[in-house]
Amino acid sequence: MICHDGAVPDVDAPRPAPGSGSWPSLPEPLAVPVPDSHCHLDIAYDADKHGPGLSVDEALWHAEAVGVTRIVQVGYDVESSRFGLEVARRHAQVIAAVALHPNEAPRLEARGLFEKGFAEICEMASDERVRAIGETGLDYFRTGPEGREAQEESFRRHIALAKRLDKTLVIHDRDAHDDVVRVLLEEGAPPRVVFHCFSGGVSLGASCAEHGWFMSFAGTVTFKANEHLREALAAAPADLVLVETDAPFLAPLPHRGRPNASYLVPVTLRAMAEVRGVAEADLARTVAKNTERAFGAW
């Protein structure tokens, strides 16, 4: 996907200017820096989807310009996980998460390639620049009942890997809240669990609060129809709240429908501060501390 050959780009070319073409303009910088707890720098570089693509260096430059000084690059298959590890080795402000996405697991299983793919994830996961196992979990939106057994087995294997290596577990949970919680409790959750792009309401939030699982909110919390997310955010314990982009997906309002990037974290964070009724700088300090507790020091 990256450069269409899996290589990390050198990015010596001039930076595309945000605000021109499909990319939103830079927002006002944050007074207190925060990390982006979940993004996909590799997909953002795909010029076929977002032309011109936003390279790694470009994404990091723009993010730092607005106070987003640290990034968690998240894998979803072997190629993207390898990419994330290479980027994390090159850039001190990036740490990596590696995994086979829940939608990837049944596809690999059907081709007899799951064990090979998971073995490669396990090998990468031991690297010190890999701080998390993810994104893993369950997705009942894109994968039907025929793939759920493979998804759940993959999820259990990733949980065990996170526990064995003492890595944070990054959860992808789409239309599967009850089963995600069930599997976590059956297997025994790792000490640090992050519900990426938190998509539940107050009930799932209460489960996260009970077990000390982090809730990472994306641009979806700004969407008008998602009052349930705002209710969950308002009720969440302050020490369990994170912010993310899931870039290049889920750009916050008023940029919904355009490609997302880490430099739009301030837009989502400001909306979150309004929901919680706290000052932007106070929430930024809390989120920064929480993210370091979740993933360790960069």
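The structure this text deals with has already been given above.
As the structure is a prediction and not an experimental result, all values here were calculated from the model.

Description of empty space enclosed by the protein
According to the stated counting rule, one finds two cavities of 30 Å³ or more in the structure shown. Lining the largest cavity, in full, are Cys-39, His-40, Leu-41, Ala-44, Leu-54, Ala-59, Ala-247, Pro-248, Asn-260, Ala-261 and Ser-262. Of the residues assigned to the lining of the largest cavity, the class counts are eight nonpolar, three polar and no charged.

Thoughts on the pairing of strand E1 (residues 34-39)
The side chains of a regular strand alternate, residue by residue, between the two faces of the sheet. In terms of burial, E1 is a largely internal element, six of the six residues being buried. Relative to strand E2 (residues 68-74), E1 is paired through four bridges, and the arrangement is parallel. Looking at E2, one finds that Cys-39 is bridged to Gln-73.

Regarding unusual backbone geometry
With an omega of 15°, the peptide bond running from Gly-134 to Glu-135 counts as cis. Within the secondary structure layout, Glu-135 lies in strand E4 (residues 130-139). Note the cis peptide between Leu-253 and Pro-254, where omega equals 10°. Looking at the secondary structure, you find Pro-254 in the loop between strand E8 (241-243) and helix H11 (265-276). Although it is not a glycine, Cys-197 adopts a positive phi angle of roughly 45°. Structurally, Cys-197 can be placed in the loop between strand E6 (193-195) and helix H9 (202-211).

Side note on the packing of helix H7 (residues 148-165) against helix H8 (residues 177-187)
Closest axis-to-axis distance for the H7/H8 pair is 10 Å, and the angle between their directions is 45°. Relative to H8, the element H7 lies oblique. For the element pair H7 and H8, the recorded crossing hand is right-handed. Residues Glu-152, Phe-155, Arg-156, Ile-159 and Lys-163 of H7 form the contact with H8, whose own contacting residues are Val-180, Arg-182, Val-183, Leu-184, Glu-186 and Glu-187. For the contact of H7 with H8, the class distribution of residues is five nonpolar, no polar and six charged.

Here's the deal with the sheet that holds strand E3 (residues 94-98)
Strands sit in the order E1-E2-E3-E4-E5-E6-E7-E8 across an open sheet of eight strands; the sheet is parallel. Each of the sheet's edge strands pairs with one partner strand only, and the pair in question is E1 and E8. This sheet shows a mean twist of 30° between the axes of neighbouring strands, independent of strand direction. Against the sheet, H11 touches E1, E2, strand E7 (214-217) and E8, its axis set at about 150° to E8.

Side note on the pattern of salt bridges
Taken as a whole, this structure holds 16 salt bridges when the rule is applied. Close ionic contact of Asp-127 with Arg-89 constitutes a salt bridge, the shortest N to O distance being 2.6 Å. Of the two residues, Asp-127 is situated in the loop between helix H6 (114-125) and E4 and Arg-89 in helix H4 (residues 78-90); the sequence distance between them amounts to 38 residues. Here Asp-127 falls in the buried class, since its relative accessible area comes to 17%. Note that Glu-186 and Arg-182 form a salt bridge whose closest N and O atoms lie 3.3 Å from each other. Highlighted residues: Glu-186 and Arg-182, both in helix H8, separated by four residues, approximately one helical turn. Put simply, Glu-152, Arg-156, Asp-179, Arg-182, Glu-186 and Glu-187 are held in one network by salt bridges that share partners.

Calculation rules
Residues numbered from 1 in each chain as written. Predicted model: local features only at pLDDT ≥ 70, side-chain atom pairs only at ≥ 80, totals over all residues. Heavy atoms only, no water. 1 Å grid on protein atoms, 1.4 Å probe; cavity = no way out; pocket = protein on both sides within 12 Å on 5 of 7 lines; lining within 4 Å. Points joined across faces, edges and corners; volume = space filled by probe spheres on them. Nonpolar A, V, L, I, M, F, W, Y, C, P; charged D, E, K, R; others polar. Buried < 20%, exposed > 50% of the residue type's maximum accessible area, 1.4 Å probe, protein only. Helix = DSSP H or I, 4+ residues; strand = E, 2+ residues; numbered from the N terminus. Pairing = 2+ DSSP bridges. Axes fitted to C-alpha atoms, helices over the stretch in contact; angles between N-to-C directions. Parallel < 35°, antiparallel > 145°, perpendicular 65-115°, else oblique. Left-handed = near helix turned anticlockwise from the far one by under 90°. Contact = heavy atoms within 4.5 Å. Salt bridge = Lys/Arg side-chain N within 4 Å of Asp/Glu carboxyl O.

So yeah, pure geometry; function would need other evidence.
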